[in-house]
Amino acid sequence: WSLKGTEKRYKGLNLPPGSMGWPLLGETIAFRKGHPCTRLGEYMEKRINKYGKIFKSNLHGAPTVVSADAELNRFILHNDGRLFEPSWPTSLVNILGKKSMIIASGDTHHYLKSLAINFMSVPRLCSHFLGDAEQSILQTFSTWVEHTPFPLKEEAIKMSFNLIVKHILSKKPGEPETEQLRKLFMCFMRGAVAMPINLPGTAYRKALKSRAAILTIIYRLMAERIHQKKDGWDEIGEDSDLLGFILEQSNLDAEQFADLLLGLLFGGHETSSTAMTLAIYFLGDSRRALEELREEHIQIVKLKKERGETGALTWQDYKKMEFTRCIVSETLRLGNLIRFVHRKARSNVQFQGYDIPRDWNIIPVFAAAHLDPSLHDEPRKFNPWRWQTLSASTTRDDSYMAFSHGIRRCPGQELAKMEITIFLHHFVLNFDWESAELDHPLASPFPEFPKGLPIKVHKLSLDM
Ligand code: HEM
């Protein structure tokens, strides 16, 4: 695509301003360039200054409208499935699977989504996930050695992976297969964000190999489970894992089934673990927020003691963690885990006088609203208190899209928020910490700590 060619072909339409860059490659390299995750990055900043919040470009080999406009982003998400549909780069689809939920549309999408929503419903979070999340977190903490540096991100991955793999496949921490899957997913993640160059030795090629290896394990576990069922061993029911539940309840074909499990295993640990790591990164620079957070959790424990409860956290305890909720929202706003998503126009669409031609890609950039000074006072500052005054003019909630909006809103959001909250509860009650090496998160495009955020912890003995 060239700018001249585009203008000729779409004569008479009012396309957004912008530049189409080089033939074929377009502006993809500039768009993908890493930058601090608390900024929009040079590509976006330059173009917003030059063209405004809605502009055209040529990305991943296709003409694309990029939107940093909160209103257009809401319009896209609320018309998902009607005017717009997913259009993820082929390289990502090859890794996540052609039958994965993020690609599916219509009734198939609705059906897959309902399975995921049931699996992570609030009653199941209370009865199944909460206790296991706490156990997985405390078990990982018990392996930490004081004053010895370690990369927090890796430990956070262990906590969230152990939880999700138990609930999806009934695999326990420490089992050889759990460890094997965790390592395969780390490789899978690296390839999901790498340049899609399918040559020997590249991260992308390794990720494709990891996908094949993960699927082999999933298919074997499926076959074993079907065999066990035939032998009369039946654990299906409300205590069953997702594998058992789907085998029993759904009519998915084998590929849909495997892509669903793979997507949930992946989405279910990478995002939560990055959010936990980001929260500690931001808290490290905000003593006041840390003190208020710790005080909230000391009070929770004291209240439990007064009631004569000494055991595990309950859903009621979790619901009382209000300031922690502000920390989580602020971490996701400033950290921008999913900065943007990929969509395509199903028909010609008009918005604010601009034409978006049919089949053009469109990228709503959620991070733009999260970092917009007209929506958030001092947007680059970690300020969890802004969430306490949500109704005040400083913060507009409907521009907050950490979990997206509309039919593709994240089905794992309650699980993720709960995991991060329980992690923070035990972390601030058990440890103080210091950075062992400077490490700042880069958006590439998911936030990544180049060194995994190395920290040293010191055990606390709080008077509670
Ligand atoms: C802090 C953690 C998380 C964040 C920030 C996050 C964010 C998002 C966002 C923005 C989307 C929408 C993508 C789109 O509009 O195309 C999404 C979709 C999705 N997420 Fe999450 N997510 C998180 C945790 C989880 C967890 C824990 C799971 C599963 C266990 C999960 C599973 C999914 C799935 C399956 C979809 C696809 C939904 C669909 O296409 O309808 N996510 N997530």
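Residues numbered from 1 in each chain as written. Predicted model: local features only at pLDDT ≥ 70, side-chain atom pairs only at ≥ 80, totals over all residues. Heavy atoms only, no water.

Q: Any chance you could explain the overall build of the protein chain here in plain terms?
A: When its secondary structure is counted, the protein chain shows 17 helices and 13 strands. A globule of 464 residues ought to have a C-alpha radius of gyration of about 23 Å, and the protein chain, at 23 Å, matches this closely. The C-alpha extent of the protein chain, read off along each of the three principal axes, is 75 × 60 × 40 Å. Sorting the 464 residues of the protein chain into buried and exposed places 53% on the buried side. Taking all contacts inside the protein chain whose residues are at least 6 apart in sequence as the whole, residues at least 24 apart take part in 71%. In the structure as shown, the protein chain presents an accessible area of about 20,900 Å², 54% of it carried by carbon and sulfur atoms. Averaging the positions of the 60 positive and the 54 negative side-chain charges in the protein chain gives two centres separated by 7 Å. (Helix = DSSP H or I, 4+ residues; strand = E, 2+ residues; numbered from the N terminus. Rg over C-alpha atoms; globule rule 2.2 N^0.38 Å. Buried < 20%, exposed > 50% of the residue type's maximum accessible area, 1.4 Å probe, protein only. Contact = heavy atoms within 4.5 Å. Areas by Shrake-Rupley, 256 points an atom, 1.4 Å probe, with all protein chains shown as cover. Lys, Arg positive; Asp, Glu negative; His and termini not counted. Charge placed at Lys NZ, Arg CZ, Asp CG, Glu CD.)

Q: It is not clear to me how the sheet that holds strand β4 (residues 84-86) should be interpreted in this structure. Could you clarify?
A: What links the strands of a sheet is backbone hydrogen bonding, and the strands pair in either a parallel or an antiparallel sense. An order of β2-β3-β9-β6-β4 is seen for the five strands of this open sheet, with the pairing classed as mixed. Edge positions in the open sheet fall to β2 (54-59) and β4, since each of these has one partner strand only. Neighbour-to-neighbour, the strand axes of the sheet open up by a mean angle of 35 degrees, direction not taken into account. Across two bridges, the pairing between strand β6 (residues 343-345) and strand β9 (residues 361-364) is antiparallel. Directly across from lysine 344, in β9, lies its bridge partner asparagine 361. In this fold helix α3 (residues 42-51) packs onto β2 and β3 (62-67), with an angle of close to 135 degrees to the strand it touches most, β2. (Pairing = 2+ DSSP bridges. Axes fitted to C-alpha atoms, helices over the stretch in contact; angles between N-to-C directions.)

Q: I'm lost on the sheet that holds strand β5 (residues 150-151) in this one. Help?
A: Strand order in the open sheet formed by three strands is β5-β13-β10, and the pairing between neighbours is antiparallel. Edge strands, defined here as strands with exactly one partner in the open sheet, are β5 and β10 (431-435). Relative to strand β13 (residues 454-459), β5 runs antiparallel, the two being bridged by two bridges. What sits directly across from proline 151, in β13, is proline 454.

Q: What is the right way to look at helix α4 (residues 70-78) in this model?
A: Note that an α-helix has 3.6 residues per turn; residues three or four places apart therefore point the same way. Along α4, the positions that sit buried rather than exposed are Ala70, Leu72, Asn73, Arg74, Ile76 and Leu77. Sitting at the head of α4, aspartate 69 places a side-chain oxygen 3.0 Å from the backbone nitrogen of glutamate 71. (Polar contact = N/O pair within 3.5 Å; in protein donor to acceptor, adjacent residues only side chain to side chain.)

Q: Sorry, what's going on with the site of the ligand here?
A: In the neighbourhood of the ligand, 26 residues make up the surrounding shell, with His109, Lys113, Arg343, Ser404 and Cys410 lying closest. A distance of 2.6 Å is found between an oxygen atom of the ligand and a side-chain nitrogen or oxygen belonging to histidine 109. Here an oxygen atom of the ligand sits 3.2 Å away from a polar atom, N or O, in the side chain of arginine 408. Counting residues per element, the ones that place at least two in the shell around the ligand are α6 (106-119) and α12 (254-283). Ranked by residues supplied to the shell around the ligand, first place goes to α12 with five residues. Taken together, the residues of the shell around the ligand sort by class into 16 nonpolar, seven polar and three charged. Split by domain, the residues of the shell around the ligand number at least three in each of domain 1 (1-94 + 338-370) and domain 2 (99-336 + 394-459). (Near = heavy atom within 4 Å. Nonpolar A, V, L, I, M, F, W, Y, C, P; charged D, E, K, R; others polar. Domains from an automatic or database assignment.)

Q: Just to check I follow, could you spell out the domain arrangement of the protein chain for this structure?
A: Interfaces are often described in size by the accessible area the parts lose on coming together. Its domain assignment divides the protein chain into domain 1 (1-94 + 338-370) and domain 2 (99-336 + 394-459). Inter-centroid distance (C-alpha atoms) of domain 1 to domain 2 is 30 Å. For the pair domain 1 and domain 2, the two sides together bury roughly 2,700 Å², of which 63% comes from carbon and sulfur. When the buried surface of domain 1 facing domain 2 is broken down by residue, Arg32, Cys37 and His370 rank first, second and third, together holding 25% of it. On the surface where domain 1 and domain 2 come into contact, there are one salt bridge. (Buried area = accessible area lost by both parts, 1.4 Å probe. Salt bridge = Lys/Arg side-chain N within 4 Å of Asp/Glu carboxyl O.)

Q: Would you take a moment to explain the coordination of the iron atom of the ligand for this structure?
A: Geometrically, a metal with four donors at the corners of a regular tetrahedron has ideal angles of 109.5 degrees, and one with six donors at the corners of a regular octahedron has ideal angles of 90 or 180 degrees. Exactly one protein atom donates to the iron atom of the ligand; that atom is Cys410 (SG), 2.3 Å from the metal. Structurally, the position occupied by cysteine 410 is in the loop between α16 (366-370) and α17 (413-430). (Donors = N, O, S within 2.8 Å, 3.2 Å for Na, K, Ca; no water.)

Q: How should the side chain of serine 57 be read in this particular structure?
A: Structurally, the position occupied by serine 57 is in strand β2. Taking relative accessible area as the criterion, serine 57 reaches 0% and is therefore assigned buried. Here tyrosine 43 takes part through its side chain, which lies 2.9 Å from a polar atom of the side chain of serine 57.

Q: In this structure, what is going on with the environment of isoleucine 48? I would like to understand it.
A: When you line up the elements, isoleucine 48 lands in helix α3. Residues isoleucine 48 and alanine 289, spaced 241 residues apart in sequence, show a C-alpha to C-alpha distance of 33 Å. For isoleucine 48, the residues in contact, after removing those within four places along its chain, are Leu40, Lys53, Phe55 and Ala68.

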